[in-house]
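Spelled out from the first residue to the last, the chains are:
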Amino acid sequence: MKDLVVLAADKDIEFALRGLFSRPAAIGIRPIDYDIFVEPGHDPACASHGTKFLEGFFGQYHQGLLLFDYEGCGKEDIAPDKLQQQLNQIFLQGPWQNNAKTIVIFPEIESWIWSKSPHVDNVIGWKKDEPTLRQWLQNEGWLEPRETKPARPKEAFNAALRTAGKPHSASLFKQMAEKVSLKGCTDSSFQELIKV
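Quick notes on the rules
- Residues numbered from 1 in each chain as written.
- Predicted model: local features only at pLDDT ≥ 70, side-chain atom pairs only at ≥ 80, totals over all residues.
- Heavy atoms only, no water.
- Buried < 20%, exposed > 50% of the residue type's maximum accessible area, 1.4 Å probe, protein only.
- Helix = DSSP H or I, 4+ residues; strand = E, 2+ residues; numbered from the N terminus.
- Pairing = 2+ DSSP bridges.
- Right-handed = clockwise from strand over helix to strand, strands pointing away.
- Salt bridge = Lys/Arg side-chain N within 4 Å of Asp/Glu carboxyl O.
- 1 Å grid on protein atoms, 1.4 Å probe; cavity = no way out; pocket = protein on both sides within 12 Å on 5 of 7 lines; lining within 4 Å.
- Points joined across faces, edges and corners; volume = space filled by probe spheres on them.
- Nonpolar A, V, L, I, M, F, W, Y, C, P; charged D, E, K, R; others polar.
- Axes fitted to C-alpha atoms, helices over the stretch in contact; angles between N-to-C directions.
- Contact = heavy atoms within 4.5 Å.

Caption draft 1: Looking closely at the pairing of strand β3 (residues 61–69). Most of β3 is tucked away, with seven of its nine residues classed as buried. Of the strand pairs in this sheet, β3 and strand β4 (residues 100–105) are connected by six bridges, and their pairing is parallel. Following the sheet pairing, glycine 64 is matched in β4 by alanine 100. For the segment spanning β3, helix α3 (residues 80–93) and β4, crossover handedness is right-handed.

Caption draft 2: Representation of unusual backbone geometry in the model. A cis amide bond links phenylalanine 106 with the next residue in sequence, proline 107, at an omega value of -10°. Examined against the element boundaries, proline 107 turns out to sit in the loop between β4 and α4 (118–124). In this model, histidine 42 sits at a positive phi of 55°, which is unusual for a non-glycine residue. On the secondary structure map, histidine 42 appears in helix α2 (residues 42–55). For glutamine 97, which is not glycine, the phi dihedral falls at a positive 50°. Looking at the element boundaries, glutamine 97 is found in the loop between α3 and β4.

Caption draft 3: Summary view of the environment of lysine 127. Inspection of the secondary structure puts lysine 127 in the loop between α4 and α5 (133–139). In the structure, lysine 127 is positioned 100 residues away from isoleucine 27 in sequence and 29 Å away in space, judged by C-alpha atoms.

Caption draft 4: Spatial organisation of the pattern of salt bridges. Taken as a whole, this structure holds nine salt bridges when the rule is applied. Between lysine 11 and glutamate 14 there is a salt bridge, with the nearest N and O atoms lying 3.3 Å from each other. Of the two residues, lysine 11 and glutamate 14 are both situated in helix α1 (residues 11–21); the distance of three residues between them amounts to about one turn of the helix. Note that glutamate 178 is salt-bridged to lysine 174, the shortest N-O span being 2.6 Å. Of this pair, glutamate 178 and lysine 174 are both found in helix α7 (residues 171–179), four residues apart, which corresponds to roughly one turn of the helix. On the basis of relative accessibility, which here comes to 33%, the residue glutamate 178 falls in the partly exposed class.

Caption draft 5: Broad picture of empty space enclosed by the protein. According to the stated counting rule, one finds two cavities of 30 Å³ or more in the structure shown. In terms of lining, the largest cavity is formed by 14 residues, of which the most central are Trp112, Ile113, Met176, Ala177 and Leu182. Among the elements that make up the lining of the largest cavity, the one with the highest residue count is α7 (three residues). When the residues that make up the lining of the largest cavity are grouped by side-chain class, the tally is 12 nonpolar, two polar and no charged. A volume near 40 Å³ is recorded for the second largest cavity. Thr51, Glu55, Ile90, Phe91, Gly94, Pro95 and Trp96 together form the lining of the second largest cavity. Mapped onto the lining of the second largest cavity, the elements with two or more residues apiece are α2 and α3.

Caption draft 6: Layout of the sheet that holds strand β1 (residues 2–8). Read across the open sheet, the four strands follow the order β2-β1-β3-β4; overall the sheet is parallel. For this open sheet the edge positions go to β2 (34–38) and β4, each flanked by a neighbour on one side alone. Each adjacent strand pair in this sheet contributes to an overall mean axis angle of 15°, direction not counted. As defined by bridge partners, β1 adjoins β3 across six bridges and the pair is classed as parallel. The residue bridging leucine 4 from the neighbouring strand is glutamine 63, located in β3. Where α1 meets the sheet, its contacts fall on β1, β2, β3 and β4, and the angle it forms with β2 comes to roughly 165°. Helix-sheet contacts for α2 involve β1, β2 and β3, and the interaxial angle to β3 is about 170°.

In structure tokens form, the structure reads like this:
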């Protein structure tokens, strides 16, 4: 049996996980054998039947993991933590029991990438000395002065990429996950992943 099967809502999440799993010591785990499947129906399909999909892999893997963005999942009428609890309850009552978990990323995967690390600037392709990326985010209204990450992380990320002249690619998430220090990430969904 392999260690882990993951159902991810999109390639961005898949590549972020691949980057994280490539440095197991940084997230406090041993090297693992895993498979990641990407749901063609993205966040809404993960939220509605991701637990059922993973049920089909019970007995082939030690653990299962369901990851998707809260924003755009179609269940925004339920608070993200409650939605996560509901889906985890389905796992608990099914064959996986305590061996599968849901992580609802609030509001979306881009919230994991924002930190003060210079690697963020490099991966985005930010070469300007003045203003710095963080100064630019503040000047453009994406980032409040005392905040560590933008309130609209996806939109801020895409705007920064456009300004830097770099196309969006899932590989950017892998590059960041491979390089950026994980100690500074306080995002609750990221912390949940580390605990899994």
